[in-house]
Amino acid sequence: MSGKRKAKKDNSSGSRPLKRIAIVGLPNTGKSQVFNNLTGEYTLVANYPLTTVEIKRTRCEIDGEPYEVIDTPGLHCLYIHSEEELIVRDMIFSEKPDMIIQCIDANQLKQSLTLTADLLELGIPMVISLNAIDETARRGVWIDSDGLSRLLGVPVVESIAVNGLGTRELKGAISKARRGKWSLRYVDIIDDGISAIESELPEDVSFKRKVAVLLLLADPFLADYLRAEYGQEKVAQLKNKVNRVRRQFRGNFSRALNNKRSRWVDDIVNNTTRKQKITPGESSKVFARLSRHPVFGIPILLAVVFIMFLLVVNVANVIAGWMDTTVWVSVESKINSLVPAGFWNDFLIGDYGVLSLGLANAFLTVLPILTVFFIAFNILEDIGYIPNLCVLTKRIFDKLGLSGSAIMPLVLGFGCKTMATLTTKSLRSKKERYISIYLIAFAIPCAAQLGLNMSILGRMGIMAFVVAFSVLGFVEIAAGMALNKILREEGRTDFIQELPAIRLPNAKAVMVKTYYRLRWFIKEAVPVFLYAAVALFVIDKIGILDAMKNILGPIVNGLLGLPSQMVDALILCMARHEAAAGLMIKLIEKGQLNYVQCIVSVTLTTMFVPCFANIMAMIKELGTRRALTAVLIINCTAIMVAGILNWVLVGLFNL
Amino acid sequence: MNRKREKDEHIERLYYMKEEETDSMDILRSAMNENYDADIIDELLSGDMVELSEGENKIRLTKKGEDYARQLIRAHRLAERLLYDVLGGDYESGACEFEHTVTPELVDSICILLGHPRACPHGMPIPQGQCCRHSSRTAQSSVIPLVELEVGQSARVAYINCKSDQQLHKIDSLCIRPGAVVTLHQRYPTYVIECEGSNIAMDEEIVSNICVWREPQHFQSAGKETPA
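Since the model is a prediction, treat every value here as computed from it, not as a measurement.

Colleague: Outline the overall build of chain A, supporting the account with residue identities and numerical values.
Modeller: Broken down by element type, chain A carries 29 helices and nine strands. Within chain A, counting contacts between residues at least 6 apart in sequence, those at least 24 apart form 75% of the total.

Colleague: Describe the interface of chain A and chain B, listing the residues and the values that go with them.
Modeller: Each partner contributes residues to the interface: chain A has 38 residues there, and chain B has 34 residues. Every element with two or more residues in the side of chain A that touches chain B is listed here: helix H4 (109-122), helix H11 (253-272), helix H12 (283-292), helix H16 (389-392), helix H17 (394-399) and strand S9 (496-499) of chain A. Per element, the largest residue contribution to the side of chain A that touches chain B is seven residues, and it comes from H11 of chain A. A class-by-class count of the residues in the side of chain A that touches chain B yields 13 nonpolar, 14 polar and eleven charged. As judged from the four bridges shared by S9 of chain A and strand S7 (residues 198-202) of chain B, these two strands associate in the antiparallel manner. Bridge pairing in S7 of chain B links Leu499 of chain A to Asn199 of chain B.

Colleague: I'd love a proper account of the sheet that holds strand S6 (residues 191-195) of chain B, names of residues and values included.
Modeller: In any sheet, the strands associate via hydrogen bonds between backbone groups, in a parallel or an antiparallel arrangement. Overall, antiparallel pairing links the seven strands, which are arranged S9(A)-S7(B)-S6(B)-S5(B)-S4(B)-S8(B)-S3(B) in an open sheet. Either end of the sheet is taken by a strand with one partner, and the two such strands are S9 of chain A together with strand S3 (143-145) of chain B. Across the sheet, the axes of successive neighbouring strands diverge by a mean angle of 40°, strand direction being ignored.

Colleague: Could you give me a rundown of the packing of helix H21 (residues 447-458) of chain A against helix H26 (residues 577-589) of chain A, with the residues and numbers involved?
Modeller: Two measures define how a pair of helices packs: the angle their axes make with one another and the distance between the axes. Residues and elements named next belong to chain A. Two elements in contact, H21 and H26, have axes separated by 10 Å at closest approach and are oriented at 5°. Classified by the angle between their axes, H21 and H26 sit roughly parallel to one another. Contacts between H21 and H26 pair Ala448, Gln449, Leu452, Ser455 and Ile456 from the former with His577, Glu578, Ala581, Met584, Ile585 and Ile588 from the latter. Looking at the contact of H21 with H26 residue by residue, the classes come out as seven nonpolar, three polar and one charged.

Colleague: Got a sec to walk through unusual backbone geometry? Specific residues and values, please.
Modeller: A cis amide bond links Tyr188 of chain B with the next residue in sequence, Pro189 of chain B, at an omega value of 0°. Take Pro189 of chain B: it is sitting in the loop between strand S5 (181-186) and S6. Even without glycine at this site, Ala132 of chain A takes up a positive phi of about 55°. Looking at the element boundaries, Ala132 of chain A is found in the loop between strand S5 (126-131) and helix H5 (133-138). Here the phi dihedral of Phe207 of chain A falls at roughly 55°; this positive angle occurs in a residue that is not glycine. Here Phe207 of chain A shows up in the loop between helix H8 (188-200) and helix H9 (208-216).

Colleague: Talk me through the domain arrangement of chain A; I want residue IDs and the actual numbers.
Modeller: Residues and elements named next belong to chain A. Partitioning chain A into structural domains gives domain 1 (2-174) and domain 2 (297-493 + 507-652). Each of domain 1 and domain 2 has a C-alpha centre, and the two are 36 Å apart. Facing the twelve residues of domain 1 at the interface are 16 residues of domain 2. Considered class by class, the residues forming the side of domain 1 that touches domain 2 number seven nonpolar, two polar and three charged.

Colleague: Any details on helix H28 (residues 612-622) of chain A? Residues and values, ideally.
Modeller: Residue and element names in this part refer to chain A. By the burial criterion, the buried members of H28 are Asn614, Ile615, Ala617, Met618 and Leu622. Along the axis of H28, the buried positions cluster into a sector of 160°, meaning they face one direction only. Residues of H28 that are buried in the fold lie against helix H19 (417-423), helix H20 (430-441) and helix H29 (624-652). Count one or two residues on from H28 and you reach Gly623, which has phi positive near 95°.

Conventions and cut-offs
- Residues numbered from 1 in each chain as written.
- Chains lettered and ligands numbered in written order.
- Predicted model: local features only at pLDDT ≥ 70, side-chain atom pairs only at ≥ 80, totals over all residues.
- Helix = DSSP H or I, 4+ residues; strand = E, 2+ residues; numbered from the N terminus.
- Contact = placed C-beta atoms within 7 Å.
- Nonpolar A, V, L, I, M, F, W, Y, C, P; charged D, E, K, R; others polar.
- Pairing = 2+ DSSP bridges.
- Axes fitted to C-alpha atoms, helices over the stretch in contact; angles between N-to-C directions.
- Parallel < 35°, antiparallel > 145°, perpendicular 65-115°, else oblique.
- Domains from an automatic or database assignment.
- Buried ≥ 20, exposed ≤ 12 C-beta atoms within 10 Å, placed from the backbone.
- Arc of directions from axis to C-beta.

Shown next, in the form of structure tokens:
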């Protein structure tokens, strides 16, 4: 790890005309939104923490000057709590950005200033982007941003980042970034101790004062870092010194330093904010409370899911059907008139044609459904509804052996399983990490899959949807409980989770996000649709496909009770879940999947083989061997569960 | 300085050394500075409070000495807690005098009043007394764990018992700290509290480690964000 870090350092010192701007801030304070506003690029934004889990960088020009802008995951303070925070601190310590833009959510000024205190101590020029200033105004809180700027000694720019307001001012402030006023002194005994440790640090350590403070606070990651860079001996020497200072002080440094910092923050907040005595009640707060309420929360959740379901069935399916009858039918007849039946006709519009199974499947069947679903889902994300689910589901997760902090990654799995897998970094215990990565890969459908599942099952009626998702939920819980039994117990991670404030969705933001999600789908998934169609076409023509269908016959037809065409879907599923879903929709339209078969296939494909990106993320977090073992286990379980489901539905309920 | 106080100071120092896992006579001498008194060590020896080993290079408290020291330290750290939480300021100078003049009963009362804190404002452990072991609760207990608030009630944080520095930093970074006003919103399926405008979901274990002032007047008088 240190090797990589060094390499990066060398790279940068080679050619340094480019100034680096790091965007840093608490979780869910609009860092990615500011990144997008500044650079004109797009990274996914949402109204909840953990949307960004990895560092993203891009080059751009601001007021005629080239910059590299770096977007980072959330950070609470420079004393590190989790690995995704460590990524940010490592980046700051090793790359020494020329400037920091700290994003502050004006609603959470106090929390943010705690981080500001830490950042100012680094001595890097800073600008503060004071975000969501419209919301504080509505809540009767007035923040004197000029006063704030005076007290901190750095430019403070008000902004409403979702609407892009304040971006021009922020760009203008970049050239005015300054080192802030760092007036925080501790008692003599601590300050002397800090200086003493500073002088012991190796020459080339940057941010000596902060490093010294962190050593006094016994930051576990920092010692590892120094050991890797400067060897055991130096660290032991430093530890000696630190222990000596600690002994002199005879108290708890963390408390003493935090107390001092809190008082500094309180002073600043008291001097720069005014609160109205009477404020209107906020309906968003009431909704937030209801959505977490043990009694009202569940009906609200069901209603949300039901509305999404209705949207998919009554809007998306209708659009997809219309596209199919108007666009595809005319294309098909055109091609039939141009290309006579035979090899090329098959290649283009046969069962495994590039146009039929590839393009039409992607653009005419899947894309309309995804569009509608993504709009609904993005609204939900912008409202900030989803993280509240972690309160509702807490007890279930307790049963699964997961402490609360594993909830967020799992809940995020309903958005994108790959990102969710990466967020498991925030979990300390290996056992919890393993269980949550496994569960994310297993029976949780990602947003695209959820939308398509709704579309498929919606064709069979709401009961099919209820049955399939109850089964998935049940299987997921059972898998969690089994893993909890099998894996060795370890320490649990504490559960402290900030919940984002419920906000009214912003129409423009939702549309932009939907646009990018679809664009990524077209860019990443559509080529896969085409390759997969060609591959199926080839193995069909040379007879391998039929052979496979024969071999897999006992499983697919016998155990699962599915038609042999589902083998095609399962193969497509390995390439891209959406492609399989498209094919299944076609099978339903042709009348080749009945009620039970439909439920069985959806449960099967939802559990079957996580998508390629998800597998890569699993490899990254677990290592190749364990990740592939997990995938294998997941697939076997998926087939078994689908088999049992088929047997229960057909045998017991005579469906 | 009277004789008893000087003796007590030596014993306290020896207790600190025990916490830091040292028993060297040199450290005792250098830590006590000009207050070091060889006669007192002799007195303590004859009183069976301390024992020496390795020639006279190592010194530590006997069982009897340690019991006595624990009472002193308990009083001292509880006094710090009291002064710090109530007056919110300089606690060290006042507390220094305190432990030499109070009775164990008075110390227990303070402990009950403060809801059996486990650490002093410096974060050093407060030795447990009889009252903690029985977790005595009387009507005048002013500081209660946050879990005991009614849903919808607000209170000001008195202090936080933390199991680790990691946890302390995490809680502190969310602005849950002495003096902050918190509101309990929800108990089930998990706890949700509001602090400084943000909602935070957390485990029962953490919520029960946050101790708040019970009296509503405390909350009102401190409504302007910070204690004096």
